[in-house]
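Residue-level structure breakdown
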Amino acid sequence: MCHTLTETYEMGDTERLSVLMPSELKQDFEALCKLERRSMSAQVVLIVEQAVQEAKEKGRLPAKN
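Calculation criteria
Residues numbered from 1 in each chain as written. Predicted model: local features only at pLDDT ≥ 70, side-chain atom pairs only at ≥ 80, totals over all residues. Heavy atoms only, no water. Helix = DSSP H or I, 4+ residues; strand = E, 2+ residues; numbered from the N terminus. Expected span 1.5 Å × (residues − 1). Salt bridge = Lys/Arg side-chain N within 4 Å of Asp/Glu carboxyl O. Buried < 20%, exposed > 50% of the residue type's maximum accessible area, 1.4 Å probe, protein only.

**Thoughts on helix 2 (residues 23–36)**
Spanning 14 residues, helix 2 covers 20 Å between terminal C-alpha atoms, matching the ideal 20 Å at 1.5 Å per step. R37, located one to two residues past helix 2, shows a positive phi value of around 55 degrees.

**As for the pattern of salt bridges**
Scanning the model with the defined rule gives three salt bridges in all. The salt bridge partner of K26 is E30, with a shortest N-O separation of 3.0 Å. With a gap of four residues between them, K26 and E30 both fall in helix 2, about one helical turn apart. For E30, a relative accessible area of 32% corresponds to the partly exposed category. Here E54 and K58 are joined by a salt bridge, their closest N and O atoms 2.9 Å apart.

Following this line, the structure appears as C-alpha coordinates:
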(Lines give C-alpha, C1' and ligand atoms only; values in the text may rest on other atoms or scores of the structure.)
Protein backbone atom coordinates (compact mmCIF):
# COMPACT_ATOMS: atom_id res chain seq x y z
CA MET A 1 0.00 0.00 0.00
CA CYS A 2 1.44 3.35 -1.01
CA HIS A 3 1.03 6.36 1.21
CA THR A 4 0.91 9.98 0.21
CA LEU A 5 3.97 12.04 1.05
CA THR A 6 2.06 13.77 3.85
CA GLU A 7 0.94 10.46 5.35
CA THR A 8 4.50 9.14 5.20
CA TYR A 9 5.90 12.19 6.99
CA GLU A 10 3.19 11.96 9.63
CA MET A 11 4.01 8.30 10.23
CA GLY A 12 7.63 9.27 10.82
CA ASP A 13 8.78 6.34 8.69
CA THR A 14 11.06 8.10 6.24
CA GLU A 15 14.55 7.46 4.99
CA ARG A 16 17.03 9.61 3.14
CA LEU A 17 18.02 8.74 -0.44
CA SER A 18 20.84 10.34 -2.37
CA VAL A 19 20.65 10.32 -6.16
CA LEU A 20 23.29 11.16 -8.73
CA MET A 21 22.09 12.27 -12.15
CA PRO A 22 23.43 14.18 -15.13
CA SER A 23 23.36 17.97 -14.71
CA GLU A 24 21.06 18.54 -17.69
CA LEU A 25 18.53 16.02 -16.37
CA LYS A 26 18.62 17.70 -12.95
CA GLN A 27 17.97 21.11 -14.51
CA ASP A 28 14.99 19.73 -16.45
CA PHE A 29 13.72 17.96 -13.33
CA GLU A 30 13.96 21.18 -11.31
CA ALA A 31 11.96 22.96 -14.03
CA LEU A 32 9.31 20.22 -13.93
CA CYS A 33 9.06 20.45 -10.14
CA LYS A 34 8.65 24.21 -10.32
CA LEU A 35 5.97 23.85 -13.00
CA GLU A 36 4.07 21.31 -10.88
CA ARG A 37 4.67 23.31 -7.68
CA ARG A 38 6.32 20.44 -5.83
CA SER A 39 9.64 20.12 -4.09
CA MET A 40 12.14 17.83 -5.76
CA SER A 41 11.75 15.41 -2.86
CA ALA A 42 7.95 15.32 -3.16
CA GLN A 43 8.21 14.85 -6.93
CA VAL A 44 10.63 11.92 -6.52
CA VAL A 45 8.33 10.25 -3.99
CA LEU A 46 5.35 10.69 -6.33
CA ILE A 47 7.21 9.21 -9.30
CA VAL A 48 8.51 6.27 -7.26
CA GLU A 49 5.04 5.62 -5.78
CA GLN A 50 3.57 5.54 -9.29
CA ALA A 51 6.29 3.17 -10.57
CA VAL A 52 5.87 0.80 -7.60
CA GLN A 53 2.07 0.80 -7.90
CA GLU A 54 2.30 0.06 -11.63
CA ALA A 55 4.73 -2.81 -10.99
CA LYS A 56 2.34 -4.27 -8.40
CA GLU A 57 -0.64 -3.95 -10.72
CA LYS A 58 1.29 -5.77 -13.47
CA GLY A 59 2.34 -8.51 -11.06
CA ARG A 60 6.04 -7.62 -11.23
CA LEU A 61 6.10 -6.87 -7.49
CA PRO A 62 4.06 -8.69 -4.86
CA ALA A 63 1.34 -6.61 -3.22
CA LYS A 64 1.80 -6.42 0.56
CA ASN A 65 -1.25 -7.23 2.65
